[in-house]
Structures are given as structure tokens and as C-alpha cells.
Amino acid sequence: MNKATHPLSDRIKNIPHDPMLDFLDKVEQSDDLVDLGFGDPDFAVGKKTKEAFKTAIDADRSHYADGQGILELREAAKDFYNKKYDCRIESANDVLVTVGAAEGINLALLALANPGDGVMIVEPEYSQYSTALCLARAAKIPIDTKQTAFKLTPELIKNAYKDAISKGINPIAIVINYPNNPTGITYNRSELNALANVFRELKIWVLSDEIYAEQTYIGNHVSLYSILPEQTILITGLSKSHSMTGYRLGFVISHGQVMKAMRKIHDTLLTCVATPIQDAAAFALKNDPDAGVKTRSTYLERVTKVTNALNALGFQVKLPQGAFYVWAKIPDKFGDDADNFCLDLAERARVQIFPGSIFSDTAKNYVRISCAGSDARLDSALRRITDYLQNC
């Protein structure tokens, strides 16, 4: 680098590389590798939704859209989340269309946090939360749920809050994700009411990532936004419900000053989400609202099959309550080193899964297995895992 060139921003220096990608760099990628890593549904986007996308292109819907999102889509999202989860969103102006849920997470943290402000993150966590936290220059306050069967409790929140205050950190928000990636844990209305009472008491913002809401297997999904709308920023989208991961279509739902703040950042980052994609999304919400219901039973069959198979092989696994991941403690003979277990499994059995250390420092003897892929892929992986364990 030229000595006269100014060094890079400290903000960039402090952002860690995605640990999932770091792990993939260690695994030899080849055609014979069975990938059970990422949560990319194998279901196709609905045929009529694809036709709506094509129609938008043929109709020359190739121009700028409203930066907040086309009104038709925001109205459709408002109606969808009100009907499905009783969110009682008052206006389409309370909906911001984003490039996937990932943008929404970053917008919310950038809008809320000053450098050094504390944000509680429930662990095990989806790794991009911590990355977004670094971008916002906020201080991470981890809440380890391993001792409470990976479920957040009011006591854990209060203890984490008090501990942060004692260290001179001011907690201003919490990030919660349910059904949870990676654990599959979710919450009923009574549990959410108890958590909401603590959030009110502490006067903190809640970033509620509910992208897996349609993959809820125990009861019905209850949104925190329906309980605590004045403090909740709802993060969601169509990647999982409508198998539209590659469309990158998400929503942030909130109102008032925080919505205005997020809109400012959104407008700075991009002019608008691609117009034809918004048209397709509006069609999907209005004409195929139960796309997630149609795939839910298949996901449940898959996670049940994998859970039962792994338990029979010496793993310790509970059937997930939602999402499409199996969170498993590795057999005792492998100790607490799931990183080496996963690397050896990839090398010798050609099966790729993620070690628990990606999601929490205290879950190093766990693995996450994605059941979003086809049954044929899962069956092949289970046969390989069985052979691997029998030969260890």
C-alpha cells in the first residue's frame, strides 16, 4: 500500500469474516460432497409467482420503484402478517421492503446503536447478528441459553442486563430469533408475554427475527410484534416461507422515528429493491399466502427422520419445534470437539455440516444439520454418517 494512502476504516477492521464461510474454506468442495450446511430450501418458487415475475419483466417494469417498496407489496405484506399473526400493523408505511432479512437486521442496528451501546444477542445465534453488530460499532452482550435447554428466560435477560450495567455498558436492544436457527426452539404466547414484560421493564428495543415463522411445528407462531409493537422491530421475509432465498426479498416492520431512521439508511445504501422482484413478491403474498403451510409437513418429516436416525447413532437430539435444522450433540466418544468431527466427516464421509462453535462458544460439542435439502440428499448423508461412525 502506498504510504500516502489513508488506512482502512476501523469499522471494517473489526468486522469478523463469516465463520460459516471460514469453515467452508477448510472443506474440500467437490461433486461428491453432500451439503447439509446452508438453509436453502430445495422447493421451487411457485409456478404462478414465477409467471408474475416474467410478466413484470415483459411489461417493462424495469424502472425505479418507491424506495420504501411499491405500495402494492407493502399493503400485501401488511395484510399477510396481520392475518397470519395478528400483528395489527396499522399502515403500509410501517413496512419497509429490504434486500432480504439480512439488510433489515443491519438497518435496525445501525438506526438504534451508538458506538459502545450494548445489544444483547441470544446464543446460539445466526452468525450474521454479530457481524451486523460490529458494523454498527455496538458492544455485544451474549446471553448463553445452553443451561436452560437453549430457551431464553426472563431471568437470563435480567442477569445479562445487570452484568452489562456493572461493566459500564448501556444495553439498548436485544436480538431474538424464533423459531431459532440453529436450535429449532420457539416460544408460545405465555412465554413471549413473560419476555415482553421484561423488555417493557428494561425499556429496550427488540429486534425479532421471525423469518422461520411458517416452519412452526408446535402450535401456532406468535409474533412479538403483536404483543409489544411499541418496542419491536419485526424482521422477516419470503426466503423461507415461499422458498425465495435467491430473490432476496425481506421486510422490516416498525413505525415512528425508528422507521424513518431505517429508511434514511436504506436510501443511502440502495435506491430500491428490484421492481420485478417486488411485483412477484406482491403476487405471492396475495395469491399464494399458504406456500409455507404446503411445505411445512415435508420439513417436519425430514427433521423427524434425521432426529430419529441420529439418536439411534449415539447423538443426543431433540425434535426441533420449528425451522428446518437439527441441533445435535455429537456422540460422547468424540468429546467436545465438533469442529474436528465435522472436518473429519467432510473429508472421510463427504458430508458437510456445521459445528456448533459457529453459533456459540459454549456449543462446541454440537452440530447443525440443515434439512432444507431433498430427501434423497438427506438419505445419502445419513447412510454416509452411519458408515463413518461404524468405522471410527
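Structural notes, computed from the coordinates. Numbers given for residues are sequential positions, taken from 1 along each chain in its written order. Per-residue local features are limited, in this predicted model, to residues with pLDDT of at least 70; the limit for side-chain atom pairs, both in listing and counting, is 80 or more; totals at the level of whole chains, interfaces and linings are taken over all residues. Working from all heavy atoms in the structure, the side-chain values ignore hydrogens and water.

**Focus: the environment of L156**
Runs of H or I in DSSP of at least four residues are treated as helices and runs of E of at least two as strands, each being numbered from the N terminus. Locating L156 in the fold gives a position in helix α7 (residues 154-166). For the pair L156 and S226, spaced 70 residues apart in sequence, the C-alpha separation works out to 23 Å.

**Points about the packing of aromatic side chains**
We call Phe, Tyr and Trp rings a pair once their centres come within 6.5 Å, taking the six-membered ring for Trp, and we label the pair stacked below 30 degrees between planes, edge-to-face above 60, and tilted otherwise. Going through the model one piece at a time under the given rule, you end up with 21 aromatic pairs. Here the aromatic rings of Y178 and Y187 are separated by 5.7 Å at their centres, their planes lie at 85°, and the arrangement is edge-to-face. With relative accessibility at 0%, the residue Y178 sits in the buried group. Look at F341 and Y388: their rings are 5.9 Å apart centre to centre, the planes differ by 75°, and that puts the pair in the edge-to-face class. With F341 in helix α13 (residues 338-349) and Y388 in helix α14 (residues 375-390), this pair connects stretches of sequence that are 47 residues apart. Connected via pairs of aromatic rings, a cluster forms that spans F43, Y212, Y299, F324 and Y325. Buried, partly exposed and exposed residues are distinguished by accessible area as a fraction of the type maximum, computed with a 1.4 Å probe on protein chains only: under 20%, between the cut-offs, and over 50%, respectively.

**Things to note about the sheet that holds strand β4 (residues 139-144)**
Should DSSP find at least two bridges between two strands, the strands are regarded as paired. Judged by pairing direction, the sheet is mixed, and its 7 strands sit side by side in the order β2-β8-β7-β6-β5-β3-β4 without closing on themselves. Two strands lie at the open edges of the sheet, namely β2 (95-98) and β4, each paired on one side alone. If you compare each strand with its neighbour and ignore which way they point, the axes differ by 20° on average. As judged from the 5 bridges shared by strand β5 (residues 171-177) and strand β6 (residues 205-209), these two strands associate in the parallel manner. Within β6, the position partnered with I174 by the bridge is V206. Against the sheet, helix α4 (residues 71-85) contacts β2, β7 (232-237) and β8 (250-253), and its axis sits at roughly 115° relative to β2. Only heavy atoms matter for contacts: two residues are in contact if any of them lie within 4.5 Å across the pair. All axes are obtained by fitting lines to C-alpha atoms, using only the stretch in contact for helices, and the reported angles, taken between N-to-C directions, cover 0 to 180 degrees. Across the sheet, α7 is in contact with β3 (118-123), β4 and β5; its angle to β4 comes to roughly 145°.

**Some words on the packing of α4 against helix α11 (residues 275-287)**
α11 packs onto α4 with a crossing angle of 30° between their chain directions and a minimal axis gap of 9 Å. One way to sum up the angle between α4 and α11 is to call them roughly parallel. Handedness of the α4/α11 crossing: left-handed. Residues E72, L73, A76, A77 and F80 of α4 form the contact with α11, whose own contacting residues are Q278, A281, A282, L285 and K286. Residues are grouped as follows: nonpolar covers Ala, Val, Leu, Ile, Met, Phe, Trp, Tyr, Cys and Pro; charged covers Asp, Glu, Lys and Arg; every other residue, Gly included, is treated as polar. When grouped by side-chain class, the residues that make up the contact of α4 with α11 number 7 nonpolar, 1 polar and 2 charged. Here the angle decides the label: under 35 degrees means roughly parallel, over 145 means roughly antiparallel, 65 to 115 means roughly perpendicular, and every other value means oblique. Note on convention: the crossing is left-handed when the near helix lies turned anticlockwise from the far helix by less than a right angle, right-handed when the turn is clockwise.

**Remarks on the pairing of strand β13 (residues 366-370)**
Buried residues dominate β13, accounting for 5 of its 5 residues. Here β13 shows two buried faces, one formed by Y366, R368 and S370 and the other by V367 and I369. Two elements, strand β12 (residues 354-355) and β13, share 2 bridges in a ladder whose sense is antiparallel. By the bridge assignment for β13, P355 is matched with V367.

**Section: helix α10 (residues 256-269)**
Here, expected helix span is obtained from the residue count minus one, scaled by 1.5 Å. End to end, α10 covers 21 Å across 14 residues, agreeing with the expected 20 Å (1.5 Å per residue, within 8%). Where α10 is buried, its residues meet β2, α5 (100-112), β6, β7 and β8.

**So, the packing of α5 against helix α6 (residues 128-135)**
Running from N to C, α5 and α6 cross one another at 40°; their axes reach a closest spacing of 9 Å. By the angle between their axes, α5 is oblique relative to α6. In this structure, α5 meets α6 at a crossing whose hand is right-handed. Each of A102, I105, N106, L109 and L110 in α5 lies in contact with α6, whose residues at this interface are Q128, Y129, A132, L133 and L135.

**Brief notes about the state of the cysteines**
The term disulfide is used for any two cysteine sulfur atoms that are within 2.5 Å. What the rule picks out here adds up to 0 disulfides. The thiol sulfur of C342 is not disulfide-bonded, and the nearest other cysteine sulfur, from C392, lies at 12 Å.

**Re the nonpolar core**
Nonpolar core, defined: a set of buried Ala, Val, Leu, Ile, Met, Phe, Trp, Tyr and Cys residues in which side-chain atoms within 4.5 Å join the residues together. The biggest cluster of nonpolar side chains holds 101 residues, and the ones touching the most others in it are L152, I174, F315, F341 and V367. One finds V45, L73, F80 and F251 within the second-largest nonpolar core, a separate group that totals 31 residues.

**Some points on the environment of Q278**
When you line up the elements, Q278 lands in helix α11. Residue classification places Q278 among the buried positions, given a relative accessible area of 1%. Sequence-wise, Q278 and D31 are 247 residues apart; in three dimensions their C-alpha atoms are separated by 34 Å. In contact with Q278, other than residues within four places in its own chain, are A65, G69, I70, L73, V97 and V273. Polar contact is the term for a pair of N or O atoms within 3.5 Å; when the atoms are in protein, one must be able to donate a hydrogen and the other to accept it, and sequence-neighboring residues count only if both atoms are side-chain atoms. At 2.9 Å, the side chain of Q278 and the backbone oxygen of V273 are in polar contact.

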